[in-house]
Amino acid sequence: MTGSLLQTRNLSLTRANGDKVLQGVSLDIAQGERVGLIGPNGAGKTTLMLCLTGVIRATAGEVRLDGAPVAPGGFHPGMGFVFQQADDQLFSPTVAEDVAFGARNLGLSGAALDAAVTAALDRVGIAALADRPVHHLSGGEKRLACLAGVLVMSPRLLLLDEPSAALDLRNRRRLIELLGGMDQAMLLASHDLELVLELCPRVILIDDGRIVADGVAEAILGDAALMARHGQEVPHSLTHHAKVAHGHGRLVV
Ligand SMILES: Nc1ncnc2c1ncn2[C@@H]1O[C@H](COP(=O)(O)OP(=O)(O)O)[C@@H](O)[C@H]1O
Ligand SMILES: [Mg+2]
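Keep in mind that this is a model prediction, so the values were computed, not measured. (Residues numbered from 1 in each chain as written. Chains lettered and ligands numbered in written order. Predicted model: local features only at pLDDT ≥ 70, side-chain atom pairs only at ≥ 80, totals over all residues. Heavy atoms only, no water.)

Some thoughts on the sheet that holds strand S9 (residues 202-207)
- Strand order in the open sheet made by the six strands is S6-S7-S8-S3-S9-S10, with mixed pairing throughout. A single partner strand is all that each edge strand has here, and the edge strands are strand S6 (79-82) and strand S10 (210-216). When the angles between neighbouring strand axes are averaged without regard to direction, this sheet yields 15 degrees.
- In this structure, strand S3 (residues 34-38) lies alongside S9, joined through four bridges in parallel fashion. If you follow Val-35 over to S9, its bridge partner there is Arg-202.
- Contacts from helix H5 (residues 139-151) reach S6 and strand S7 (157-161), with the element oriented near 170 degrees to S6. (Pairing = 2+ DSSP bridges. Helix = DSSP H or I, 4+ residues; strand = E, 2+ residues; numbered from the N terminus. Axes fitted to C-alpha atoms, helices over the stretch in contact; angles between N-to-C directions. Contact = heavy atoms within 4.5 Å.)

The structure is reproduced here in C-alpha cells:
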C-alpha cells in the first residue's frame, strides 16, 4: 500500500491454553497517520500493541515496518511504545538516565547523547526534572518521562496504551496538546473516546481479538448500534442535545 508505514496481515495469537487473543488482524497505518484503537476490556488492544512492537510473538501472520519484517525480541527504534503502566517502563535511577537509555541503544554518546536527552525532555516539558529520581515523579510526570524515553529515538510510529489513564484534567489536556503537535504516526489505545476524537481522524474498533470496524472516527464513534454491540457508548460530544433545546421551548426545526 502506498505510503504504508506499518502493515500487518492476518496477525493472530493463540495462547497455550487455547485462548484466541488476536484473530486475523490486518491493518495498515500510513506515515503520520493518527489512529485510535478502541474496544472493551480484554479485546486485545494491549496484546496487539505488544505484537506490533515485537515484544511478544504472534502465532501467525506478520508485521512490517517500512516493508521490513518486525522480528520479535528485536530492537525497533522506528516504533516507540509507551506502556500503560509507567512503572513497567521506567527503571533507571534518574529521569535523564532513563531517557538516555534508548538513545544509547542507538549508538549516541557524549555531547550528542546529552543533547538528544535534553531535546526529548524539553519536547515534553520536563527538562527541570532531569535529575529527579523516577520514583519521585507524579503519575503525570512519569507518563511524560516515558514519552521522552521513546521520543529520544525519533520513532516514526508511536504506540500509546491508555495514555490519559490516571491523568488529571490539566495533565490530560497537556498530553492532548503535546500529541496533537507531533508529526509521528500514532496508534493510540484508549477508553477516553473524547481524547480519541480530538486526536485521531481514524478509529479501529476491536472486540474479541478481531477488527470489527476501521474507518472515519466520527462515523464509528457516532454509530450507536455498533458501539453498543461492542460495549461502548457514543461519546458525549457526538450526541445531540435536542432535549435541552426542547426544555427551552424554542426549538425551531
Ligand atoms: N500475560 C497474559 N497471560 C495470559 N492472558 C493474558 C495476558 N495478558 C492479557 N491476557 C488476556 O488476553 C486478552 C486480551 O487482553 P489485553 O490485550 O490486555 O486486552 P485490552 O488491552 O484490550 O484490555 C484478555 O482475555 C486477557 O485476559
Ligand atoms: Mg489494555
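Notes on the domain arrangement of the protein chain
- For the protein chain, the assigned domains read domain 1 (4-78 + 155-252) and domain 2 (90-153).
- Put simply, the middle of domain 1 and the middle of domain 2, counted by C-alpha atoms, are 26 Å apart.
- Taken residue by residue, the interface counts 18 residues in domain 1 and 15 residues in domain 2.
- Summed over the shared surface of domain 1 and domain 2, the result is zero salt bridges.
- Counting across the domain 1 and domain 2 interface gives five residue pairs in polar contact (both at pLDDT 80 or more).
- Of all the secondary-structure elements, those providing two or more residues to the side of domain 1 that touches domain 2 are S7 and helix H6 (169-180).
- The element contributing the most residues to the side of domain 1 that touches domain 2 is H6, with five residues.
- Of the residues in the side of domain 1 that touches domain 2, the class split is twelve nonpolar, four polar and two charged. (Domains from an automatic or database assignment. Salt bridge = Lys/Arg side-chain N within 4 Å of Asp/Glu carboxyl O. Polar contact = N/O pair within 3.5 Å; in protein donor to acceptor, adjacent residues only side chain to side chain. Nonpolar A, V, L, I, M, F, W, Y, C, P; charged D, E, K, R; others polar.)

What about H6?
- If you check H6, its first and last C-alpha atoms are 16 Å apart, about what twelve residues at 1.5 Å a residue would give, namely 16 Å.
- Of the residues making up H6, those classed as buried are Arg-172, Leu-175, Ile-176, Leu-178 and Leu-179. Angularly, the buried residues of H6 cover 165 degrees about the axis, an arc narrow enough to put them on a single face. Facing away from the buried side of H6 by over 90 degrees, the exposed positions are Leu-169, Arg-170 and Glu-177.
- Lining the buried residues of H6 we find S3, helix H4 (110-124), H5, S7, strand S8 (185-189) and helix H7 (193-199). (Expected span 1.5 Å × (residues − 1). Buried < 20%, exposed > 50% of the residue type's maximum accessible area, 1.4 Å probe, protein only. Arc of directions from axis to C-beta.)

Some remarks on the packing of aromatic side chains
- The tally for this structure, following the rule as stated, stands at two aromatic pairs.
- Aromatic pair Phe-91 and Phe-101: ring centres 5.0 Å apart, planes at 85 degrees, arrangement edge-to-face. Of the two residues, Phe-91 is situated in the loop between helix H2 (86-89) and helix H3 (95-105) and Phe-101 in helix H3; the sequence distance between them amounts to ten residues.
- When its relative accessible area of 53% is taken as the criterion, Phe-91 is described as exposed.
- When its relative accessible area of 38% is taken as the criterion, Phe-101 is described as partly exposed. (Phe/Tyr/Trp six-rings, centres within 6.5 Å; stacked < 30°, edge-to-face > 60°.)

Quick look at the packing of H4 against H5
- Here H4 crosses H5 at 135 degrees, and the two axes come no closer than 9 Å. As far as their axial angle goes, H5 and H4 are oblique. For the pair H4 and H5, the crossing hand works out as right-handed. Of the residues in H5, those in contact with Ala-120, Leu-121, Arg-123 and Val-124 of H4 are Leu-144, Leu-147, Ala-148 and Leu-151.
- Class assignment for the residues of the contact of H4 with H5 results in seven nonpolar, no polar and one charged. (Parallel < 35°, antiparallel > 145°, perpendicular 65-115°, else oblique. Left-handed = near helix turned anticlockwise from the far one by under 90°.)

Thoughts on the environment of Val-55
- Along the polypeptide, Val-55 turns up in the loop between helix H1 (45-52) and strand S4 (60-65).
- On the accessibility criterion, Val-55 (48% relative accessible area) is partly exposed.
- Along the backbone, Val-55 and Phe-75 are 20 residues apart, and their C-alpha atoms lie at a distance of 9.3 Å.

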